[in-house]
Amino acid sequence: MGVSSPYKVKCFCSLTVISAAMESNMITEVSSGVCDPSAGQPHRAALILARGGSKGIPLKNIKNLAGVPLIAWVLRAALDSEVVDSVWVSTDHDEIERVARVWGAKVHRRSPEVSKDSSSSLETIQEFIRLRPEVDIVCHIQATSPCLHPHHIREALQMITEQGCDYVFSVVRRHQFRWEEVDKKEGKNPRSLNIDVAHRPRRQDWPGELYENGSFYFSTRKALENGLKQLGKIAYYEMLPEYSVDIDVDIDWPVAEQRVLRFGYFGREEKAVVSLFLCKLSGCLTNGQIFTSVSGEDHVAINARDVAGIQMLQRENIEVILMSSVNEPLSRGLLEKVAQLAGCGLWFGELLNGFEVEWLIKKKKLRWDEVAFMGSESEDREILSQVGLNGVPCDSPVANLIAAKYTCQRPAGNGAVREFAEYILMLKKKSLLPVHQEHIDRANF
């Protein structure tokens with residue numbers, strides 16, 4: 001990774017002595033080198049459990065969070081970690097399977113026996129490894145932890161592959177005072193469990209306590225086969241609080257959306273700087289409807305918010321070109337009028353395929369990864385798959401066919417272009433930030 005890791009770990013000989021040994025064991029830094037998956041090394045499988053029967057939020061695992069399916073945030077981190085040999089989603093639901101495959105994961109269709117409300121994660125993972133004898137290490141990642149980054153996976157996995165741990169789990173440090181729960185009918189005073197009330201410490205004078213944050217649980221095959229009952233060396237991996245996001249109920253969703261926009265992992269496009277934004281006119285800037293007057297003139301409607309989004313990009317020196325084909329049912333004069341109102345250029349193509357767009361990109365002396373494209377139809381898939389950053393309106397037919405980097409919450413012709421423009425600018429801002437600038441400054445917190 002090129003920078004030293006701010007994450008700290010402690011190792012223990014037995015799970016039962018974690019609390020007692022927490023302060024006496026030496027903290028060690030994890031090196032940030034990337035393991036090279038090759039022959040002779042244990043097979044490391046990332047596994048995300050995603051049952052379809054979520055009670056708190058129906059189909060929570062594939063609901064869009066900040067324009068991306070919830071499960072895709074961790075899939076993207078696992079696929080880009082470069083240290084796992086395979087990435088799997090274990091599910092019992094067809095739609096979750098479809099989304100998982102679109103985002104590049106393999107799918108394990110779990111049996112009905114481990115798909116019940118009462119089924120445990122351990123039972124589901126044990127079924128997975130029984131059917132996958134090649135797997136030596138399971139990196140169980142929770143789909144509900146969207147602020148996971150590839151370096152978290154790399155560093156935690158090293159604790160198994162290089163430090164000999166059998167079990168590694170993620171924790172977060174909290175500064176919360178705990179109290180004993182009492183029966184109010186007994187009139188008994190509650191007892192402080194972790195502070196001296198007479199000498200209540202300041203936050204900066206108290207190290208806090210470690211809590212599982214549910215992001216991941218990594219384990220060797222042997223430990224899982226033994227039901228985690230005979231663990232040798234175990235360790236925790238401490239994550240910063242800003243990355244410790246867990247979604248359980250509806251109220252968690254808006255908070256998680258704001259956190260993931262600031263601290264989430266956006267994939268390799270996070271470092272790309274967009275210089276050109278190509279946007280399909282029909283189906284993106286407009287909703288595809290054509291209005292015909294009694295005099296026979298065609299009309300279309302565009303949203304003022306979308307025009308404002310285009311202007312926002314232009315102010316940041318990002319060129320915007322609207323795209324249409326010769327097969328467009330609207331007249332060229334009307335399309336040119338729309339482009340004039342939007343304040344940007346208009347480009348006509350014969351087929352609007354990847355070959356034509358590549359010619360345009362080369363003419364402007366740009367690379368594919370410097371281009372953002374917004375499309376909506378199945379014929380746009382080729383271009384969407386090649387550009388550095390892509391987006392689709394939520395109501396577009398192509399939304400179910402590709403792993404869009406961003407799926408708008410708004411439909412075409414109703415603010416989708418503005419929403420995607422804001423996303424492009426947010427990524428540009430993140431790409432220009434110094435390393436770790438987005439961490440909370442705890443020295444002045």
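Cut-offs used in this document
- Residues numbered from 1 in each chain as written.
- Predicted model: local features only at pLDDT ≥ 70, side-chain atom pairs only at ≥ 80, totals over all residues.
- Heavy atoms only, no water.
- Helix = DSSP H or I, 4+ residues; strand = E, 2+ residues; numbered from the N terminus.
- Buried < 20%, exposed > 50% of the residue type's maximum accessible area, 1.4 Å probe, protein only.
- Contact = heavy atoms within 4.5 Å.
- Areas by Shrake-Rupley, 256 points an atom, 1.4 Å probe, with all protein chains shown as cover.
- Axes fitted to C-alpha atoms, helices over the stretch in contact; angles between N-to-C directions.
- Parallel < 35°, antiparallel > 145°, perpendicular 65-115°, else oblique.
- Left-handed = near helix turned anticlockwise from the far one by under 90°.
- Nonpolar A, V, L, I, M, F, W, Y, C, P; charged D, E, K, R; others polar.
- Salt bridge = Lys/Arg side-chain N within 4 Å of Asp/Glu carboxyl O.
- Pairing = 2+ DSSP bridges.
- Core = buried A, V, L, I, M, F, W, Y, C linked by side-chain atoms within 4.5 Å.
- Arc of directions from axis to C-beta.
- pLDDT = per-residue confidence, 0-100.
- Phe/Tyr/Trp six-rings, centres within 6.5 Å; stacked < 30°, edge-to-face > 60°.
- Lys NZ or Arg CZ within 6 Å of the ring centre and 35° of its normal.

Going by what an unreviewed UniProt entry lists, the protein chain is known as N-acylneuraminate cytidylyltransferase B-like isoform X1 and is assigned to Cyprinus carpio.

Caption draft 1: How the structure looks around the overall build of the protein chain. Scanning the protein chain from N- to C-terminus turns up twelve helices and 19 strands. The buried share of the protein chain, taken over its 445 residues, is 52%. At a minimum sequence separation of 6, the contacts of the protein chain that also span at least 24 residues come to 69%. Accessible surface computed for the protein chain: about 21500 Å², of which carbon and sulfur atoms make up 50%.

Caption draft 2: Geometry of the packing of helix 2 (residues 70-80) against helix 5 (residues 150-161). The interhelical angle for the contact between helix 2 and helix 5, taken along N-to-C directions, is 55°, at an axis separation of 8 Å. The orientation of helix 2 with respect to helix 5, classified from their angle, is oblique. In this structure, helix 2 meets helix 5 at a crossing whose hand is right-handed. Contacts from Ala77, Ala78 and Asp80 in helix 2 reach Pro150, Ile153 and Arg154 in helix 5. Considered class by class, the residues forming the contact of helix 2 with helix 5 number four nonpolar, no polar and two charged.

Caption draft 3: The pattern of salt bridges, seen in detail. Going through the model one piece at a time under the given rule, you end up with 20 salt bridges. Between Asp117 and Arg51 there is a salt bridge, with its nearest N and O atoms 3.0 Å apart. Here Asp117, found in the loop between strand 7 (106-109) and helix 4 (121-131), pairs with Arg51, found in the loop between strand 3 (44-49) and strand 4 (64-65); they are 66 residues apart in sequence, far enough to count as distant. Residue classification places Asp117 among the exposed residues on the basis of a relative accessible area of 54%. On the basis of relative accessible area, Arg51 is assigned to the partly exposed category, the value being 23%.

Caption draft 4: Quick look at the pairing of strand 9 (residues 167-174). Taken across its eight residues, strand 9 has six buried, putting it largely inside the fold. Strand direction decides the pairing type here: strand 9 and strand 11 (residues 234-239), joined by six bridges, are parallel. Bridge pairing in strand 11 links Val172 to Met239.

Caption draft 5: Region of interest: helix 2. Most of helix 2 is tucked away, with ten of its eleven residues classed as buried. Taken as a whole, helix 2 has its buried residues at Leu70, Ile71, Ala72, Trp73, Val74, Leu75, Arg76, Ala77, Ala78 and Asp80. One or two positions beyond helix 2, positive phi appears at Glu82, with a value near 70°.

Caption draft 6: Fine view of the side chain of Thr144. Tracing the chain through its elements places Thr144 in the loop between strand 8 (137-141) and helix 5. Non-local contacts of Thr144, meaning those with residues more than four positions away in its chain, are made with Lys60, Asn61, Leu70, Val245, Asp246 and Ile247.

Caption draft 7: Up close: the nonpolar core. In this structure, Ile141, Phe218, Phe277 and Phe420 are the most contacted members of the largest nonpolar core, which totals 88 residues. Here this core gets nine residues from one element, more than from any other, and that element is helix 12 (residues 416-432). Within the second largest apolar cluster, 20 residues are counted, among which are Trp347, Ile383, Val392 and Ile402.

Caption draft 8: Up close: helix 9 (residues 332-342). Restricting attention to buried positions, one finds in helix 9 the residues Leu334, Leu335, Val338, Ala339 and Ala342. The arc enclosing the buried residues of helix 9, seen along the axis, measures out at 140°, which places them on a common side. Structural note: helix 9 exposes Arg332, Gln340 and Leu341 on the side pointing more than 90 degrees away from its buried face. In the core, the buried residues of helix 9 are packed alongside strand 14 (298-299), helix 8 (304-315), strand 15 (319-325) and strand 16 (345-349).

Caption draft 9: Fine view of the confidence of the model for the protein chain. With 87% of its residues at a pLDDT of at least 70, the protein chain reaches an overall mean of 85. For the stretch residues 1-38, pLDDT sits under 50, and the model shows 93 contacts to residues farther than four places along the chain or on other chains.

Caption draft 10: Geometry of the packing of aromatic side chains. Enumeration according to the criterion identifies twelve aromatic pairs in this entry. With a centroid separation of 6.3 Å and 80° between ring planes, the pair formed by Tyr243 and Phe263 is classed as edge-to-face. Of the two residues, Tyr243 sits in the loop between strand 11 and helix 7 (252-263) while Phe263 sits in helix 7, which places them 20 residues apart along the sequence. The same class applies to Tyr243 and to Phe263, which are both buried. A network of ring pairs unites the aromatic residues Trp73, Phe266, Phe277, Tyr406, Phe420 and Tyr423 as a single cluster. For Arg76, the ring lying beneath its charged end belongs to Trp73, and the centroid distance is 4.9 Å. The residue whose ring lies beneath Arg174 is Tyr211, and the NZ or CZ to ring-centre distance is 5.1 Å.

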